Amino acid sequence: MQRPSGRQVRFQEKRPRQAPSSSVRRLQCAPALANPRGPYTRSTNLHLAMLLLTFLLLVCAVGADPSPSSSDPHMGPVPAEPDFWGQTYDIDGREVTLGQIASVLNQSRPNYFWGGEVVCSTSTDYCCPAYCCNVLNTVHELQKPMDMSFRERQTASLNGTFQVISWQDGGGKRGGGFFFGRLFKDFEHPIYGGWTLEVHFNKPVFELQSFNARIVGSGDGAKTYFLQPMYWNRDIPKGNRRILVHGLTTPVVEDRIPLTATGALWYSPSEPSAPPPGPGPYKIESRPVPPPAPSPGERYNLAEVLQLSSLFYEAQRSGQLPESQRIKWRGDSCLKDGQDVGKDLTGGYFDAGDHIQFTLTMAYSMTVLIWGLIRYEDAYTAAGELQHMRQTVKWGLDSLVKSHTDENEFYVQISDEVDHCRWGPPETINYLRRSYKVTCANPGSQPVMNAASALAAGSIAFKTCDPSYSAMLLRHAEGLFAFAERCPGDWIKDGRIPAANFYDDGGRYLDEHAFAAAWLHKATGQQHYLDKALSYYYRCCYVKGGQSDYISVLDWADMTMGVNLLLYEALRWGDFKDAIIHRHKAFIEKVYRTPKGLSYYNDWGANRYAANAAFTSLVAAELGFEVDGFRTYAASQIHYMLGDCCGGEKSFLIGFGPSWPPSYHHRAASCKGDDCRCTIQALPHVLWGALLGGPERDDTIVQDGCPDFMHMEVALDFNAGFTSAVAAMKHLSLQGIHL
């Protein structure tokens, strides 16, 4: 897949981790006895068994006991008794200490054992905290023999059915490349009563995980894995079924060996299993507000779509909720944010289906929403959503202002993989979440400049209705811009923010500088911001010649199209005109289209990219470029998401149309009280207005629901471009132009 500007982008999402059980595990902290075992071992911890062989080699080579250190908060606490970490266990015929195992755990997943919901039951002081018990629990599981009786069942070959969907060389731990893949097979007959999937990779794979299967064992030097069903998918219906997996392996650029896999599915023909225990079916929640009336001539009710999108952002709010909150199943959450650094960092938005808060994507999303609000205010007024959209963007802008705590200090992330590993509602988070900042000592241009863009755009949006608020936003925008210019750098490599598994854009950040300068020029009219925007543009984003072959789309990792549009609006220069026209045409004509017409730029969140292209195409058409063609294309993408995908019978916008997928990847919506289930069953709460990631390449809407984070997750940036594109279409509708 071609990436803009040769930039290696890890797409949204992110690299989801297997969520731990929401129930509290109580362990007796006592030594486990060595156990003779066969060639394969069981591991309910999803990655440790596969790391073990490599770990043992590390122990032999180093010969040290790398116990956790209290000087590094990522490494967990040091117990009072030094002998605790010296306890030895027989693992695969070798004596291994708890300290050595703890070291591997920390290297493979920093923060995982720090702040979880595990309670120790012990008579000794040194075994509590939770960190120690997690290590012990891992040892206990490693010493259990694996039951191989499943090989007496019938088998179906899976050879040739493994496909790598996306790849990121050099990501993650161990110098490996992160991959996302799927195993799939067409079944002529249903399978009942459970199954075991035996997978053989052609080279070692580490940290293998899946959301719709449990990794229950591994062997053969981390090349063989055994997977079994979740409680909800023991039966496999007739037809094509998929198991989604992701992990780390040697990058192809290093060993020139593409990752492949063979295997077998072991099963026993039987009667259908009893229905799994679960929280549903739930009574469908009533809509929190009645939809606005449709307008004559519109293919879909665009005013209703704008209303629903505002509701989605309300459901993503963190902090103390206002009385005007319309999504009543959400409550106050994360009211301690910032206390770890003596600041008030409450508020803002949760990023996606999890509860980490990233300034990078929140600020980008606010910028795109405000862009649409500025250009198409009449659309929000006609839909009765103007005040709600102002509240939506103000909620994000207020959080950005709070995060700007000093001239050269800006908080860019709240929490980390601790929250990502946790499956539960945000209202029950009762621990201090870690706050991460960038400074001149550890700079981070991308989130700082994205925040400057959002605040500059916000100052325009509120200039008439709230001048003092507008002026305050502009002061912070200029301050953040100056900070990032004084102290530029990549927020992951230079800033050392633990976001590489989520939003690593390859370290390129001058496009964010250009975008922020262009917005500050638009907000202030000052020539020096325009000069800076031009300087950055010709360093980062200009491609002399060859524009017709350059595929580019606005998204959280690439501001190039946004810079072109803003600078053309300011200067009317041919360089920007050529880039706008040719890059849009390249995207429209050269990106793969599904049979029903969706631009399929990437498997991960395909709707997001198509919606963003639709928005910028409509802005380009408004500037006079390819008016009919760009408008027709934009409408086709938005209409696809609203129902053209499915004959008008189903949409990718939750709550819109006759029906929508009932299960999607979202922690808060999946929980009813303390009962949280990420299954194919309908979720207890309706996440009104959320745009789902998208279909498969053949237009299929996946049936796996919540476990399929690739197609069924939601995110702040998914809705941003989509909402502004719909506002542009509503703006045209008010002028009698129905697309």
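The coordinates are above.
Residues numbered from 1 in each chain as written. Predicted model: local features only at pLDDT ≥ 70, side-chain atom pairs only at ≥ 80, totals over all residues. Heavy atoms only, no water.

A. Representation of the overall build of the protein chain in the model. What the protein chain contains, in helices and strands, is 19 helices and 19 strands. Every one of the 739 residues in the protein chain was classed for burial, and the buried ones make up 61%. Counting contacts in the protein chain only where the partners sit at least 6 residues apart, residues at least 24 apart contribute 76% of the total. For the protein chain, the accessible area works out to roughly 26400 Å², and carbon and sulfur atoms hold 51% of it. (Helix = DSSP H or I, 4+ residues; strand = E, 2+ residues; numbered from the N terminus. Buried < 20%, exposed > 50% of the residue type's maximum accessible area, 1.4 Å probe, protein only. Contact = heavy atoms within 4.5 Å. Areas by Shrake-Rupley, 256 points an atom, 1.4 Å probe, with all protein chains shown as cover.)

B. Focus on helix 5 (residues 302-315). When the terminal C-alpha atoms of helix 5 are compared, their 20 Å separation across 14 residues agrees well with the 20 Å that a helix rising 1.5 Å per residue should span. Of all the 14 residues making up helix 5, 14 are buried; the element is thus mostly covered by neighbouring parts of the structure. The residue sitting at the N-terminus of helix 5 and contributing the capping side-chain oxygen is Asn301; that oxygen lies 3.3 Å from the backbone nitrogen of Ala303. (Expected span 1.5 Å × (residues − 1). Polar contact = N/O pair within 3.5 Å; in protein donor to acceptor, adjacent residues only side chain to side chain.)

C. Representation of the pairing of strand 16 (residues 409-414). Counting buried residues along strand 16, six of its six residues qualify, which places the element largely inside the surrounding structure. In this structure, strand 15 (residues 357-358) lies alongside strand 16, joined through two bridges in antiparallel fashion. Across the sheet, Gln357 pairs through a bridge with Ile414, a residue of strand 16. Bridge count for strand 16 against strand 17 (residues 435-439) is five bridges, and the pairing is antiparallel. Note that in strand 17 the partner of Tyr411 across the bridge is Lys437. (Pairing = 2+ DSSP bridges.)

D. Up close: the sheet that holds strand 17. Spatially, 15-16-17 is the arrangement adopted by the three strands of the open sheet, whose pairing is antiparallel. Each of the sheet's edge strands pairs with one partner strand only, and the pair in question is strand 15 and strand 17.

E. Expanded view of the state of the cysteines. If you walk through the whole model with that rule in mind, you get four disulfides. Cys671 shares a disulfide with Cys676; S-S distance 2.1 Å. One quick way to see it: the torsion about the S-S bond of Cys671 and Cys676 is about 120°, and its sign makes the bridge right-handed. Residue classification places Cys676 among the buried residues on the basis of a relative accessible area of 11%. (Disulfide = S-S within 2.5 Å.)

These figures come from the coordinates and say nothing about function on their own.
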